[in-house]
Amino acid sequence: MTKPQNLPESLSPLTGLDWTEITLGKSASDVWRITLGNGNSVFLKSEPLHPLAELPGEIERLNWLTRMGFKSPRVIDTEQASDRIWLLMSAVPGQDLTHYLDRPADFVRAYAQGLKRIHALDPTHCPFDHSIEARMADAEARLAAGLVDESDFDSEHEGWSGQQVFDWLQANRPEQGQLIVTHGDASAPNILADDGRFSGMVDCGRVGQADVWQDLTLACRSIAHNIGEEHVAAFLAAYGAGWDEAKYRFYNALDEMF
């Protein structure tokens, strides 16, 4: 495994260890798992510094989740060097839900457990605004900066431009429900389970106050993709929500911008 050439000096003691690059998911950051001498692991994440970089916000959110006692990575160290920002963090017990494809009942149960757990956090203590208005402003900024990957759109938006998706979002805003603490990128690779039960969440850079369908949309989409659409109803029943087509379509389209 090729290690980063511009590793900050403070992180250089890690160079002699076993590194594995993590390519699952759509993060704009580079991510490595580093196995320590005792067999435990830590994770290192790095992103180029630019005004819309997400890693500084993820560091803030991880520290907040730690204060809330939530099961997520703990920040070990952060560095800014060579025009990049670096985050060293602890591992979360368990395996992500893509390791449970042959155990759909556990997959669905752990998913519902995890979302109910984060959604139970007190939103009055959450300083991160991911309301529709705030996220549309973020989407517009990303579009202007050329950060929207039009080649990675879902089949429903294949061939659309980022501007077309943004215009559709503007014209199809649903009524926003109660704002709760959401993960913001609640796809299966970011939800972990240990022995079939929820054990934590990773990639927490989009945690913020939003409508519950911010998370339910990505969960339903991920369930349909990974274990089959027939399991979506069981997930919604386990979570305790009914289907909302308008919000599902809206939050799917909003996700294209990030």
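Each remark here, short or long, concerns the structure printed above.
Read on for a plain summary of the structure. Predicted, not measured: the structure shown is a model, and the values here were computed from it. (Residues numbered from 1 in each chain as written. Predicted model: local features only at pLDDT ≥ 70, side-chain atom pairs only at ≥ 80, totals over all residues. Heavy atoms only, no water.)

## Section: helix α5 (residues 213–226)
Quick reminder of the rule: Where helices and strands are cited, they refer to DSSP runs of H or I of at least four residues and of E of at least two residues respectively, numbered from the N terminus. Each helix should span, by expectation, one fewer than its residue count multiplied by 1.5 Å. Exposure categories follow from relative accessible area, calculated using a 1.4 Å probe and restricted to protein chains: below 20% of the type maximum is buried, above 50% is exposed, and the middle band is partly exposed. Should any heavy atoms of two residues lie within 4.5 Å, those residues are considered in contact.
Under the 1.5 Å per step criterion, the end-to-end length of α5 is 19 Å for 14 residues, consistent within 8% with the ideal 20 Å. Most of α5 sits out of view: 10 of its 14 residues are buried. Along its buried surface, α5 packs onto α2 (104–119), β7 (180–182), β10 (208–210), α6 (232–239) and α7 (245–255). One or two positions beyond α5, positive phi appears at Gly228, with a value near 115 degrees.

## Considering the pairing of strand β2 (residues 30–35)
Formally: Two strands qualify as a pair provided that DSSP identifies no fewer than 2 bridges between them.
Sheet topology note: the strand β1 (residues 18–21)/β2 ladder contains 4 bridges and is antiparallel. For Trp19, the partnering residue across the bridge sits in β2 and is Ile34. Across 6 bridges, the pairing between β2 and strand β3 (residues 41–48) is antiparallel. Counterpart to Arg33 in the pairing with β3 is Phe43.

## Things to note about the pattern of salt bridges
Stated precisely, the cut-off is as follows: Any Lys or Arg side-chain nitrogen located within 4 Å of an Asp or Glu carboxyl oxygen qualifies as a salt bridge.
On inspection of all chains with the given rule, the structure shows 11 salt bridges. In this structure, the salt-bridge partner of Glu54 is Arg206, at a minimum N-O distance of 3.2 Å. Here Glu54 is found in the loop between β3 and α1 (55–67), whereas its partner Arg206 is found in the loop between β9 (197–201) and β10, with 152 residues between them in sequence. Salt bridges sharing partners connect three or more residues here, namely Lys45, Glu58 and Asp203.

## Regarding the nonpolar core
Here is the rule we go by: In these notes, a set of buried Ala, Val, Leu, Ile, Met, Phe, Trp, Tyr and Cys residues joined through side-chain atoms within 4.5 Å is what counts as a nonpolar core.
By size, the foremost hydrophobic cluster in this structure holds 57 residues, and its most contacted members are Leu97, Tyr111, Leu115, Leu169, Phe235 and Met257. Residues Leu11, Leu14, Ile34 and Val42 belong to the second largest nonpolar core, which totals 10 residues.

## Some words on the sheet that holds β2
For clarity, the threshold we go by: In this description, a line fitted to the C-alpha atoms serves as the axis of each element, helices being fitted only across the stretch in contact, and the angle between N-to-C directions of two axes falls anywhere from 0 to 180 degrees.
Strand order across the open sheet formed by 5 strands is β1-β2-β3-β5-β4, with antiparallel pairing between neighbours. Of all strands in the sheet, those with a lone pairing partner are β1 and β4 (75–81), marking the two edges. Adjacent strand axes in the sheet meet at a mean angle of 20 degrees when their direction is disregarded. Across the sheet, α1 lies against β3, β4 and β5 (84–90), angled at about 25 degrees from β5, the strand it touches most.

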